[in-house]
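Structural characterization, general
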Amino acid sequence: MQTPIISATTTPYLEQVAAEFQLPLLTESDAPYQLHWSQEKDTLALVQTDLPKQTGVKVDFLDAAVNYRRANISVKNELIARACGLKGQQRPSIIDATAGLGRDAFILAALGCKVTLIERTPAVAALLFDGLRRARLHPDLSDWISQRMQLIYANALQLSEIKQKRQLKADVVYLDPMFPHKKKSAAVKKEMKSFQGLVGADADADLLLPQAKSCASKRVVVKRPGYANFINDETPDFSVKSKKHRFDVYLTMTEQEN
Ligand SMILES: C[S@@+](CC[C@H](N)C(=O)[O-])C[C@H]1O[C@@H](n2cnc3c(N)ncnc32)[C@H](O)[C@@H]1O
């Protein structure tokens, strides 16, 4: 079932979002997942209707925690930066082919990389679109966000065609598909449960690796939970590990020779 946008009033902006991501714009619905528009907060948020007391999932690059991380950001302290090959003044161009809520892409962009975000789930792409719009309007981010973060609503299983058609640059292709959670981690926040419920399990994730390898000029980086197997059962050249996650790095032939 499609995720409707629920709003008391229709605005040109909501009509644009509805058309762009083929989402119905309604005043009410019994759909299990809905995007609620708050005029007051100027924000779209994903809501799972059978979960009580939830604030909804939104893309907020101005959130206090994100702001703090951005203010203190450095290549040295971000494992994702090391995995993607940022060092000194080097800032690779990156395609984030499973953009989700754009948190990883934002870190890479805040460090100076140009990042193309590809997302295929319509409601998630709409949340990203909305988050990027608000970020572009904010004085702290407006001078770099549109230059460094570009959203494409598409399925990355067609990455080669998308890259060619849009003339994208990709030193690095970054992948972070959904991975089934261990039973123990049922403590995932209510909000994230609705995100996981809507998106599902990305059962075709293995197919992304060959696509990514054919598009990246330097490396493919795959984020996995620490306990997960390698994507497509392919052993990486190396992994960068944190407590909970692993970034598996697959170097292209040219990079291996360097
Ligand atoms: C775990 S989330 C990514 C989280 C993201 N790294 C972040 O920092 O917010 C995975 C996302 O990848 C998207 N996805 C999975 N396969 C995709 C594909 N073939 N093309 C585009 N998006 C895809 C899913 O819809 C989901 O939103």
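Computed from a predicted structure; not experimentally measured. (Residues numbered from 1 in each chain as written. Predicted model: local features only at pLDDT ≥ 70, side-chain atom pairs only at ≥ 80, totals over all residues. Heavy atoms only, no water.)

**What to know about the sheet that holds strand β3 (residues 33-38)**
In spatial order, the strands read β2-β1-β3-β4; together these four strands make up an open sheet with mixed pairing. The open sheet has two free edges, formed respectively by β2 (25-26) and β4 (43-48), since each of these has just one partner strand. Bridging between strand β1 (residues 5-6) and β3 involves two bridges; their strand directions are parallel. Bridging from a neighbouring strand, Ile5 pairs with Leu35 of β3. Along the sheet face, helix α8 (residues 190-199) touches β3 and β4 and points at about 80° away from the line of β4. (Pairing = 2+ DSSP bridges. Helix = DSSP H or I, 4+ residues; strand = E, 2+ residues; numbered from the N terminus. Contact = heavy atoms within 4.5 Å. Axes fitted to C-alpha atoms, helices over the stretch in contact; angles between N-to-C directions.)

**A few points about the packing of helix α7 (residues 159-166) against helix α9 (residues 208-215)**
Contact geometry of α7 with α9 gives a least axis separation of 9 Å together with a crossing angle of 30°. For the pair α7 and α9, the contacting residues are Leu159, Ser160 and Lys163 in the first and Gln211, Ala212, Ser214 and Cys215 in the second. Split into classes, the residues belonging to the contact of α7 with α9 amount to three nonpolar, three polar and one charged. (Nonpolar A, V, L, I, M, F, W, Y, C, P; charged D, E, K, R; others polar.)

**A closer look at the nonpolar core**
Core analysis: the largest hydrophobic core is formed by 59 residues, its most contacted members being Leu35, Leu44, Phe61, Cys84 and Met149. Residue assignment places this core across two domains, with domain 1 (5-48) and domain 2 (64-257) each supplying three or more. Ignoring sequence-local partners within four residues, the contact set of Leu35 consists of Thr3, Pro4, Ile5, Ile6, Leu23, Leu44, Ala45, Leu46, Ala123, Ala126 and Leu127. Listed in part, the 21 residues of the second largest apolar core include Ile118, Ala216, Val220 and Val222. (Core = buried A, V, L, I, M, F, W, Y, C linked by side-chain atoms within 4.5 Å. Buried < 20%, exposed > 50% of the residue type's maximum accessible area, 1.4 Å probe, protein only. Domains from an automatic or database assignment.)

**Quick look at the domain arrangement of the protein chain**
Domain parsing of the protein chain yields domain 1 (5-48) and domain 2 (64-257). Spacing between the C-alpha centres of domain 1 and domain 2 amounts to 26 Å. Facing 17 residues of domain 1, the contacting portion of domain 2 comprises 16 residues. Both faces combined, the contact of domain 1 with domain 2 buries some 1,400 Å², and carbon together with sulfur accounts for 69% of it. Here domain 1 is connected to domain 2 by one salt bridge. The partner of Asp42 in a salt bridge is Arg133, with the nearest N and O atoms 3.2 Å apart. Scanning the region where domain 1 abuts domain 2 turns up six residue pairs in polar contact (both at pLDDT 80 or more). Counting residues per element, the ones that place at least two in the side of domain 1 that touches domain 2 are α1 (12-20), β3 and β4. In terms of residue count, β4 provides more of the side of domain 1 that touches domain 2 than any other element does, five residues in total. (Buried area = accessible area lost by both parts, 1.4 Å probe. Salt bridge = Lys/Arg side-chain N within 4 Å of Asp/Glu carboxyl O. Polar contact = N/O pair within 3.5 Å; in protein donor to acceptor, adjacent residues only side chain to side chain.)

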